[in-house]
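Chain by chain, the residues:
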Amino acid sequence: MTIQRVLAAAAGAALTVATLAHAADQVGASVIDAQRRALAEAVADQGFGPQSPRDLSSAVGSNKRDFAFAPPASRMNLCNIHFHESAEHKGGEFTKYAGHGDGQGYGTGYLYSGELTAAEVAPYARPVGSTDHGALAPGDTIEVHYVYSTAQVGPGPTLGSCLGVATLNPQLRVETQVMVLVNDPAALDFVRLTKHEFVDGYHQAIHLPQDMGTPVQYTGSTTGPAYNETGSPVQVTWSVRPKVAKVSIASVEAWLGDNAFDEDHAHGVRTLVVNPDLLSPMSR
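Residues numbered from 1 in each chain as written. Predicted model: local features only at pLDDT ≥ 70, side-chain atom pairs only at ≥ 80, totals over all residues. Heavy atoms only, no water.

### Quick word on the side chain of S232
Logical step 1: Mapping S232 onto the fold places it in the loop between β14 (216-221) and β15 (235-240).
Logical step 2: A polar atom in the side chain of S232 sits 2.5 Å from the side chain of T222.
Logical step 3: Here V234 takes part through its backbone nitrogen, which lies 3.4 Å from a polar atom of the side chain of S232.
Logical step 4: When sequence neighbours within four positions are dropped, the list of residues in contact with S232 reads F48, Q51, S221, T222, Y227 and R270. (Helix = DSSP H or I, 4+ residues; strand = E, 2+ residues; numbered from the N terminus. Polar contact = N/O pair within 3.5 Å; in protein donor to acceptor, adjacent residues only side chain to side chain. Contact = heavy atoms within 4.5 Å.)

So this is what it looks like as structure tokens:
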């Protein structure tokens, strides 16, 4: 797992966050290359649609499986919220590569490329969301996925909550916000950001960030390291905000302890998809 370490000359100085992963956790570039080759071989001539995540700065894509954008989130039902350690996508304010990681989706992805103060990355009282892969700490980047479905469903655990008995092939939309964890109780409150209510006939995240830049929208797939070497068969409309939000790590800890989605840790990331044959063409 990637662990954020920050070296400061003086308290309160502006700092650039640097990620140092344990050498034993870092695989070589050849492992990532092999995963991409395996993915290309697994999907060849199988009819898989465009995949995710991708570099949002590039519009290049030649996948021929075309499907329409899902409706706006306001006309869909929120069905799941979860997050990944590091950003799965690359773009906006999250372009710093975390490294190759362990080859299983941890210690890799993309990090907040801005600066944090010594106070913001001061050690927190305890690890957050501990797993066998490690834990979250101030300075870590996460990518939050607010998943919406056109099925008549409500918020619940896993993406299975997005499929309805009457609608087995709903359209899916992921409203995406990259965040950086800071040790600052005055920062954004993750519990508030994920609060959901029934509004005008739909389940909604009522505080979904709206001031993080114009989202980049494209057609792709579900993500996660399980798809590093095989294609995802699930079509998704992605809407990824380019700016990074600073969120209180204490509020993330509180949410992991009690939420409607049974989430208690950060998920791993899928290796960035770079093969044009697996990407949709984007209009810029």
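That covers the picture; the talk isn't over yet.
### With respect to the side chain of E263
Logical step 1: Within the fold, E263 resides in the segment after α3 (249-257).
Logical step 2: Buried charge E263 goes without a salt bridge, the closest partner of opposite sign being R270 at 18 Å.
Logical step 3: A polar side-chain atom of E263 sits 2.7 Å from a polar atom in the side chain of H267.
Logical step 4: In this view, E263 contacts I81, H82, W255 and L256; residues no more than four positions away in its chain are not counted. (Buried < 20%, exposed > 50% of the residue type's maximum accessible area, 1.4 Å probe, protein only. Lys, Arg positive; Asp, Glu negative; His and termini not counted. Salt bridge = Lys/Arg side-chain N within 4 Å of Asp/Glu carboxyl O.)

### Topic: the pattern of salt bridges
Logical step 1: By the definition in use, this model includes five salt bridges.
Logical step 2: E253 serves as the salt-bridge partner of R126, at 2.6 Å between the closest nitrogen and oxygen. With R126 in the loop between β7 (115-117) and β8 (128-131) and E253 in helix α3, this residue pair connects regions lying 127 residues apart in the sequence.
Logical step 3: Judged by its relative accessible area of 21%, E253 is partly exposed.
Logical step 4: With a closest N to O distance of 3.1 Å, R173 and E175 form a salt bridge.
Logical step 5: On the basis of relative accessibility, which here comes to 6%, the residue E175 falls in the buried class.

### Quick look at helix α1 (residues 29-43)
Logical step 1: In this model, α1 (15 residues) spans 22 Å end to end at C-alpha, consistent with the 21 Å of a helix rising 1.5 Å per residue.
Logical step 2: Along α1, the residues classified as buried are I32, Q35, L39 and V43. Within α1, the buried residues cover an arc of 55° as seen down the axis, which keeps them to one side. Seen from the open side of α1, the exposed residues pointing more than 90 degrees away from its buried face are S30 and E41.
Logical step 3: In the segment just after α1, D45 is the residue with positive phi, at about 60°. (Expected span 1.5 Å × (residues − 1). Arc of directions from axis to C-beta.)

### Brief notes about the pairing of β15
Logical step 1: A large share of β15 lies buried, amounting to five of its six residues.
Logical step 2: For strand β11 (residues 172-182) and β15, the ladder comprises four bridges, and the chain directions are parallel. Residue pairing across strands places R173 opposite T237, the latter belonging to β15.
Logical step 3: Here six bridges tie β14 to β15, and the two strands are oriented antiparallel to one another. Bridge assignment links Y218 to a residue of β15, and that residue is W238. (Pairing = 2+ DSSP bridges.)

### Structural notes on the state of the cysteines
Logical step 1: Across all of its chains, the model carries one disulfide by this definition.
Logical step 2: Disulfide partner of C79: C162, at an S-S distance of 2.1 Å. Across the S-S bond of C79 and C162 the torsion is about 85°, and the bridge reads as right-handed. Remark: C162 occurs in the loop between β10 (141-149) and β11 and C79 occurs in strand β4 (residues 77-85); sequence separation between them is 83 residues. As far as the burial class goes, C79 and C162 line up, both buried. (Disulfide = S-S within 2.5 Å.)

### Let's talk about unusual backbone geometry
Trans is the common state for peptide bonds, and a negative phi is the common state for residues other than glycine.
Logical step 1: Omega for the peptide link from S52 to P53 comes to 5°, which places this bond in the cis form.
Logical step 2: Here P53 is to be found in the loop between α1 and β4.
Logical step 3: The phi dihedral of T158 falls on the positive side, at around 60°, and the residue is not glycine.
Logical step 4: Along the chain, T158 falls in the loop between β10 and β11.
Logical step 5: A relative accessible area of 51% means that T158 is categorised as exposed.

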